[in-house]
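# Topology and contacts: notes
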Amino acid sequence: MVSRRDFIRCVGGSTLAAWVAAQARPARAGTGAQRPNILWIYSDDHAQNAVSAYGGRLASAAPTPNIDRIAREGVIFRNSFVTNSICGPCRAVVLTGKHSHINGFRTNSDSFDGSQQTFPKLLQQTGYQTALFGKWHLVTEPTGFDAWEVLPGQGSYYNPDFLTPEGRHRRDGYVTDIITDLALDWLQTGRKAEKPFLLMIQNKAPHREWEPGPEHLTTYDDVTIPEPDNLFDDYTGRGTAAREQDMTIAKTMRLGPDLKVWEALKDDDPDKQRAFSRMTEEQRARWEAAYGPKNRAFLEANPQGDDLVRWKYQRYMKDYLRCIASIDDNVGRVLDYLEASGLDKNTVVFYSSDQSFYLGEHGWFDKRFIYEESLRTPLVARWPGVTKPGSEADLMVQNLDCAETFLDIAGVPIPGDMQGRSFKPLLRGRRPRNWRTSIYYHYYEGEGKVHNVYKHYGLRTARYKLAYFYTLDEWEFYDLENDPHEMRSEYNNPDYAPRIAELKAELARLRELYRVPEDPPAKT
Ligand code: SGN
Ligand code: CA
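Before going into details, it helps to say that this report is about the structure given with it. (Residues numbered from 1 in each chain as written. Chains lettered and ligands numbered in written order. Predicted model: local features only at pLDDT ≥ 70, side-chain atom pairs only at ≥ 80, totals over all residues. Heavy atoms only, no water.)

## A word on the overall build of the chain
Going by this rule: Each helix is a run of DSSP H or I of at least 4 residues and each strand a run of E of at least 2, with the numbering of both proceeding from the N terminus. In this treatment the radius of gyration is a C-alpha quantity, and the globule benchmark scales as 2.2 Å times the residue count to the 0.38 power. Only protein chains enter the calculation, and the probe is 1.4 Å; a residue is then buried if its accessible area is under 20% of its type maximum, exposed if over 50%, and partly exposed in between. The contact rule is simple, with two residues in contact once any of their heavy atoms fall within 4.5 Å. In these tables, accessible area is a Shrake-Rupley quantity obtained with a 1.4 Å probe, and a residue counts as shielded only by the protein chains included in the view.
The number of helices and strands found in the chain is 15 helices and 16 strands. At 23 Å, the chain has a C-alpha radius of gyration in line with the 24 Å of a compact globule built from 524 residues. Considered along the principal axes of its C-alpha atoms, the chain spans approximately 70 × 65 × 40 Å. Split into buried and exposed, the 524 residues of the chain put 61% on the buried side. Looking at the chain alone, contacts between residues at least 24 apart form 70% of all its contacts between residues at least 6 apart. Carbon and sulfur atoms form 48% of the exposed surface of the chain, whose accessible area is close to 20600 Å².

As structure tokens, this is what we get:
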């Protein structure tokens, strides 16, 4: 085996080719020592709070039995975080193992440089077959995959278009089902059985505008979804950013596209026309049969003020959770297929999301902030024979660690320029003593952009969080043990001054470690 340093020196060179050949040999010779398959099931905006394995207020109202099965038969990561809570940037971090300022994809308006090093390319070069189906959202064409079929941009829920190496085409059906069909089809007929694989199944759901599939249009009709305690947060005790965001259920969420009360809009409203433009007559009829009576009852009752917010919350949450119900069904289909085919024994299955989401906490939907609900992301994994069923990992991991972990699982040396750390030892139930004790975060979309969340960077430790909203020149500090829901910044509390000074030093250390360019741009 080539050492880590040798591998780094030779990436792209002839020694790598020799290493690759050596790796490929045992599998071809059929020794039975085939490297593990890696199956990455990823969703878009699936809150940790909406995975029942994590417990929480939604667990009994809206369980996710199939995702939970991965946790039950494997491990749940209790402290799993992102580096920059927004779609494209999270995906770029997973692919590269590098922070946004290094991989070049800071905001959803950027374009991914597909010529750079990514873990699928490294796996591909070392004998893995690689495939990706579903949401991509990195603008340029996928690189490093033997097979791919992706949604253009955000994609559509009903009868979506897909991009392929051969061009764009439309597929009939509901997006979550189609993405899983594509993946299962590739597993059955698209790959060579003798080679290990990386398969990335990347759902569009449950992204806004939360359009449930035909099978789940009335799921949760008879359920009341519990509200968070801070649904009516008034943002006292926080700074300008929390007050000036544009992501509240009360003000930002629209009756039409977001909440499907199309009866409140004229027929020629462009949003209304767009919403139904991709549906077949039959799909639209089912939709109207499910929503029509409920919408008419709502318009009749005409709730106002807090009652209206409560109604919106229920509708939002039910549609969001309905989208997740389809994801969970499809996770079940994949797990069943693995079992039936015998692939389960040598396949490491992950379920995660690009980031979490506000489900009414602080009165919000969307993500972006360093606050807990959007800093976290669900992460569960199953590796038969390696991960002890029902285990828990509590060390802090980040999406920054995924590339390194996948390479490590495959036995491929981790390039020295990747910035995360393999959490394979955690899958084995180990607790490395020198594991990180703080994580770095930086959000770059900013004021004036969608949802108007000010740019900020900061860090989180097991107990504390420090954030700097640099275009406002405002700091916030939270003691998560005393204030888990981050309702009161203690930045100006003199009792915490020594702690804050320590955290500022740690933040400076992290920014140097990760080679963050000095002096982020002032107001732009
Ligand atoms: C769209 C959504 C936003 C969402 C961004 C980014 N608006 O603009 O609510 O924050 O995508 O989401 S919508 O009216 O078009 O639904 S991300 O997950 O792709 O980063
Ligand atoms: Ca997302």
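On we go.
## Points about the coordination of the calcium ion (ligand 2)
When a metal carries six donors in an octahedron, the ideal angles between them are 90 or 180 degrees, while four donors in a tetrahedron ideally lie at 109.5 degrees. Rule in force here: Water is not among the atoms examined, so metal sites may look incomplete; donors are the N, O and S atoms within 2.8 Å of the metal, or within 3.2 Å for Na, K and Ca.
Listed as protein donors to the calcium ion (ligand 2) are Asp44 (OD), Asp45 (OD), Asp354 (OD), Asp354 (OD) and Gln355 (OE1); their distances from the metal cover 2.1 to 2.9 Å. Counting along the primary sequence, the residues that act as donors to the calcium ion (ligand 2) give the motif D-D-x308-D-Q. Remark: Gln355 occurs in the loop between strand E9 (347–353) and helix H12 (372–375) and Asp45 occurs in the loop between strand E1 (37–43) and helix H3 (65–72); sequence separation between them is 310 residues. Taking the relative accessible area as the measure of exposure, Asp45 reaches 0% and is therefore buried.

## Quick word on the nonpolar core
Quick reminder of the rule: Residue types Ala, Val, Leu, Ile, Met, Phe, Trp, Tyr and Cys, when buried and joined through side-chain atoms within 4.5 Å, form a set referred to as a nonpolar core.
Counting 141 residues, the largest nonpolar core has Phe77, Phe119, Leu199, Tyr316, Tyr320, Leu321 and Phe350 as its most contacted members. Counting residues in hydrophobic clusters, the runner-up holds 18 residues, among them Val93, Tyr464, Tyr468 and Leu510.

## A closer look at the site of ligand 1
Convention followed: Only a single heavy atom is needed: when it lies within 4 Å of a molecule or strand, its residue is near that molecule or strand. Pairs of N or O atoms are called polar contacts if they sit within 3.5 Å, as long as, within protein, a hydrogen donor faces a hydrogen acceptor (for residues adjacent in sequence, only side-chain-to-side-chain pairs). Any residue outside Ala, Val, Leu, Ile, Met, Phe, Trp, Tyr, Cys, Pro, Asp, Glu, Lys and Arg is labelled polar, Gly included; the first ten of those are nonpolar and the last four are charged.
What surrounds ligand 1 is a group of 16 residues, the closest being Asn108, Gln154, Asp366, Arg368 and His451. Here an oxygen atom of ligand 1 and a side-chain polar atom of Gln154 are 2.7 Å apart. Out of a free accessible area of 460 Å², ligand 1 has 82% covered by protein chains. When grouped by side-chain class, the residues that make up the shell around ligand 1 number 2 nonpolar, 5 polar and 9 charged.

## Description of helix H10 (residues 281–301)
Counted only if it meets this: Every helix has an expected span of 1.5 Å times one less than the residues it contains. Across the chain, bend at a residue is computed as the angle between axes fitted to the seven residues ending at that point and the seven starting from it.
When the terminal C-alpha atoms of H10 are compared, their 29 Å separation across 21 residues agrees well with the 30 Å that a helix rising 1.5 Å per residue should span. Most pronounced at Tyr291, the bend in H10 amounts to some 35 degrees, and the proline Pro293 follows within four residues. Turning to H10, its buried residues are Gln283, Trp287, Ala290, Tyr291, Gly292, Asn295 and Phe298. If you follow the buried residues of H10, they end up packed against helix H9 (270–276) and helix H11 (305–341). Positive phi shows up at Asn302, right after H10, with a value of about 50 degrees.

## Digging into the packing of helix H7 (residues 175–190) against H11
Convention followed: Lines fitted to C-alpha atoms define the axes here, with helix axes fitted over just the stretch in contact, and angles between the N-to-C directions of these axes take values from 0 to 180 degrees. Oblique is the label for any angle not covered by the other classes, which are roughly parallel (under 35 degrees), roughly antiparallel (over 145) and roughly perpendicular (65 to 115).
The contact between H7 and H11 brings their axes to 9 Å, and the two run at 10 degrees. In terms of orientation, H7 lies roughly parallel with respect to H11. In this structure, H7 contributes Thr176, Asp177, Thr180, Asp181, Leu184, Leu187 and Gln188 to the contact, and H11 contributes Ser326, Ile327, Asn330, Arg333, Val334, Tyr337 and Leu338. In terms of residue class, the contact of H7 with H11 is built from 6 nonpolar, 5 polar and 3 charged.

## Some remarks on empty space enclosed by the protein
Short version of the rule: Each cavity reported here is a set of points on a 1 Å grid over the protein atoms alone in which a 1.4 Å probe fits but cannot get out, each pocket an open set with protein on both sides within 12 Å along at least five of seven lines, and each lining residue one with an atom within 4 Å of a point. Grid points are joined across faces, edges and corners, and a volume is the space filled by probe spheres set on the points.
Applying the stated criterion across every chain, the model contains 4 cavities of 30 Å³ or more. Taken as a whole, the largest cavity spans an internal volume of roughly 70 Å³. Considered class by class, the residues forming the lining of the largest cavity number 8 nonpolar, 6 polar and no charged. Considering the residues around the second largest cavity, the lining is formed by Arg91, Val94, Leu95, Leu132, Trp136, Leu138, Met200 and Gln202. When residues of the lining of the second largest cavity are traced back to their parent elements, those giving at least two are helix H4 (87–96) and strand E8 (197–202). Among the elements that make up the lining of the second largest cavity, the one with the highest residue count is H4 (3 residues). Of the residues belonging to the lining of the second largest cavity, the class tally is 6 nonpolar, 1 polar and 1 charged.

Such coordinate-based values are descriptive only and should not be taken to indicate function.
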